[in-house]
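Now for the letters of each chain:
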Amino acid sequence: MSAKTKIENPVISLDGVSKWYGDFQALKDINLEINLKEKIVICGPSGSGKSTLIRCLNRLEAHQEGQIHVSGVELHETMKDVDIVRRDIGMVFQNFNLFPHLTVLENCMAGPNWVRGIDKKEAEKRAVAMLEQVKIPEQADKYPDQLSGGQQQRVAIARSLCMEPKVMLFDEPTSALDPEMVSEVLDTMVELATSGMTMICVTHEMGFARQVADRIIFMADGEIVEQNTPDEFFNNPKSDRTKTFLDQILI
Amino acid sequence: MFVDTVIEDKSLHKPAFLLGLSIAVLAFFFAFNLTDTIFGEFLSPVIGNPKESGFFGRLVVSFVLSIIFVLNLLLISFARLKIQILIVWIELFFLFLAFAYSFDLELAYIFIGEPSKLWLMISKGLFTTIYISAVSIAIATAIAIVGAIAKLSNNGFAYAIASFYTSLFRGLPLLLQIYLIYMGLPQLGFMIDAIPSGIAALSLCYGAYMTEIFRAGIQSIPKGQWEASRALGFKFGLILRKIILPQSIPIIVPPTGNQFIAMLKDSSLVSVLGIWELMFMAKKIGAKDFNNLEMLLTAAMIYWALTIILEMIQARIERKYQQKA
Ligand SMILES: Nc1ncnc2c1ncn2[C@@H]1O[C@H](COP(=O)(O)OP(=O)(O)OP(=O)(O)O)[C@@H](O)[C@H]1O
Ligand SMILES: [Mg+2]
């Protein structure tokens, strides 16, 4: 029991996590704790390890050193129940990764129906509710490639939400979108944040970061260079790298 | 494929091109002296005795032929696409028949006998050919699914076995595999009949080719599909069944259809084991009466008809998946 008392706070913790791709070290001794209902924004230059970091959180990537705990469960190579952990962590990708052979509704029903043991009727009810939440219930019977990018990304968010995750991970969810579609996705994410979801977002949308983030993490060269509240981060950046980065991105 | 929306002038409708074409065709026909053939006979009212018609006869024959040929092209070019295709098909088919007719065959031969030779070919030969091919195709497909998964797995044993298998069975001529299985297995103490050996050889050989097709089909699905599925907590088998295979089917179907067609015809190789399929029967029956060509031609037509049916089924399946995509 004693190990489990730590479960809820923090939901995710990283202790000295390092990761290599061959000889290249992509993550260097990362220490991080994320609490329930916290909203984290991760930013940093290209190749700094942002994607690698959040993909380690649901073990789409393996780390080689240190420990990652999610809801008190350690993620490691020989764990038996990685799928159970993954079902509690929603993930939204830059390229949506919807299932093109399934309709929007079927995309949303798949998870609950196939792995949560929820019957079709109930799964459909939930899917419709989530599609309403992301404001595209009328697209339910279309196939993904019949939707705009912004709509597809909102379906991807709905698909994750249907699993009733404890945490949502976003990896540059608006980077593949045409400019005019960025705001519809960000609006959905803001709403999700307001509802109390624990969120970890890799994004360069600094307006979004300012609005919802509890903490902004700045990464460079596989390290966490700086983390702070949005106010401090934008108005009083400590490291030179952060200043340079902000100068580039805020113009 | 994208067909351009701008229609170019048909070259056939340009006088200069038509003239050039006519001259070329005339020269072609003139080069082969056709006065001795059925065409010469046909034109004998004009050229007299074909054998004595000489240069004049040769010129007239090739002239008439080239006019017919070019007029034919010109007329067809005015028809709608579908009609064009149909007419050209029919004409080529009749040319093929004429070619076969020129062998001076005794076609009635295949209809005589009680039961007739044709009926024997169909009732026994065709039946056996279809039976062997269908069973082999089913087994080969099962092998291919397992083989493809093994080749994509991280399991060293699975990968090694699968890659050794595809290497070996794609590396040996099918005929050799048939002999090896039929004559080799009994050496190990497995007595195996001709038909099971034939089916084993066909399934193993085509299973190896289809393993590669299935593997490529599965690999062509973007990595993001696996990642999204994994992130939802799906297990490997579920991902394969519900996400990956349904998406690879449209990619797998065309080459697999080609394999089916090729296998149908390669099933003729098992005739070396004395199995009474189409090829064996054609050789056997024909040799008895020295009417080899008649029977071989009959077998050829039956194989051709079968592949046409398979092609139609393949086209229908492809269309079905294209609509969905
Ligand atoms: N599969 C891989 N194999 C080898 N190197 C990799 C692999 N994936 C990422 N890397 C390297 O690891 C480093 C971090 O990559 P990562 O994708 O995490 O960066 P990022 O911060 O998400 O960048 P971006 O803003 O471009 O998405 C990069 O230098 C990248 O080249
Ligand atoms: Mg990235």
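These numbers were taken from a predicted model, which means no experiment stands behind them.

Caption draft 1: Representation of empty space enclosed by the protein within the structure. Per the stated rule, a full pass over the model turns up one cavity of 30 Å³ or more. Of the voids in this model, the largest cavity is the one considered here, and its volume is about 70 Å³. If you list the elements that add at least two residues to the lining of the largest cavity, you get helix 2 (82-87), strand 6 (89-92) and helix 5 (149-161) of chain A together with helix 10 (223-231) of chain B. When residues of the lining of the largest cavity are assigned to their parent elements, the largest contribution, three residues, is made by strand 6 of chain A.

Caption draft 2: Inspection of the site of ligand 1 at higher detail. Residues and elements named next belong to chain A. Lining the immediate surroundings of ligand 1 are Tyr21, Phe24, Ala26, Pro45, Ser46, Gly47, Ser48, Gly49, Lys50, Ser51, Thr52 and Glu172. Here a nitrogen atom of ligand 1 and a side-chain polar atom of Tyr21 are 3.4 Å apart. The protein chains hide 58% of the 630 Å² of surface that ligand 1 would expose on its own. Looking at which element gives the most residues to the shell around ligand 1, the answer is helix 1 (residues 50-57), with three residues. Of the residues that constitute the shell around ligand 1, the class distribution is four nonpolar, six polar and two charged.

Caption draft 3: Summary view of the layout of surface pockets. All names here are of chain B. Counted as a void, the largest pocket has a volume near 940 Å³. The wall of the largest pocket is formed by 23 residues, among which Phe29, Phe39, Leu65, Ile68 and Leu95 lie closest to the centre. Contributions of two or more residues to the lining of the largest pocket are made by helix 2 (38-42), helix 4 (54-77) and helix 5 (81-101). Take the lining of the largest pocket: its biggest share by element is eight residues, from helix 4. Its boundaries defined by the atoms lining it, the second largest pocket holds a volume of some 620 Å³. Along the walls of the second largest pocket sit 19 residues, with Leu152, Asn154, Trp226, Arg230 and Phe236 positioned nearest its centre. If you list the elements that add at least two residues to the lining of the second largest pocket, you get helix 6 (117-152), helix 9 (194-219), helix 10 and helix 11 (236-266). Tallying contributions element by element places helix 10 first for the lining of the second largest pocket, with four residues. Among the residues making up the lining of the second largest pocket, the classes are represented as eight nonpolar, four polar and seven charged.

Cut-offs and rules
Here the residue index of a chain counts from 1 through its sequence in written order. Chain letters and ligand numbers both follow the written order, the letters beginning at A and the numbers at 1. At least 70 in pLDDT is required for a residue's local features to be given in this predicted model, at least 80 for side-chain atom pairs to be given and counted, and no such filter applies to totals for whole chains, interfaces and linings, which use all residues. Heavy atoms throughout the structure, all of them, feed into the side-chain values; hydrogens and water do not. Space inside and on the surface of the protein is sampled on a 1 Å grid over the protein atoms alone, with a cavity defined as a set of points where a 1.4 Å probe fits but cannot get out and a pocket as an open set with protein on both sides within 12 Å along at least 5 of 7 lines; lining residues have an atom within 4 Å of a point. Grid points are joined across faces, edges and corners, and a volume is the space filled by probe spheres set on the points. By definition, any uninterrupted DSSP run of H or I lasting at least four residues is a helix, any uninterrupted run of E lasting at least two residues is a strand, and each is numbered from the N terminus. By convention in these notes, a residue is near a molecule or strand provided one of its non-hydrogen atoms lies within 4 Å of it. By the criterion applied in these results, polar contacts are pairs of N or O atoms within 3.5 Å in which, for protein atoms, one can donate a hydrogen and the other can accept it, and in which residues neighboring in sequence qualify only through two side-chain atoms. Using a 1.4 Å probe, accessible areas were evaluated by the Shrake-Rupley method; residue-level cover was limited to the displayed protein chains. Under this grouping Gly is polar, as are all residues other than the nonpolar Ala, Val, Leu, Ile, Met, Phe, Trp, Tyr, Cys and Pro and the charged Asp, Glu, Lys and Arg.

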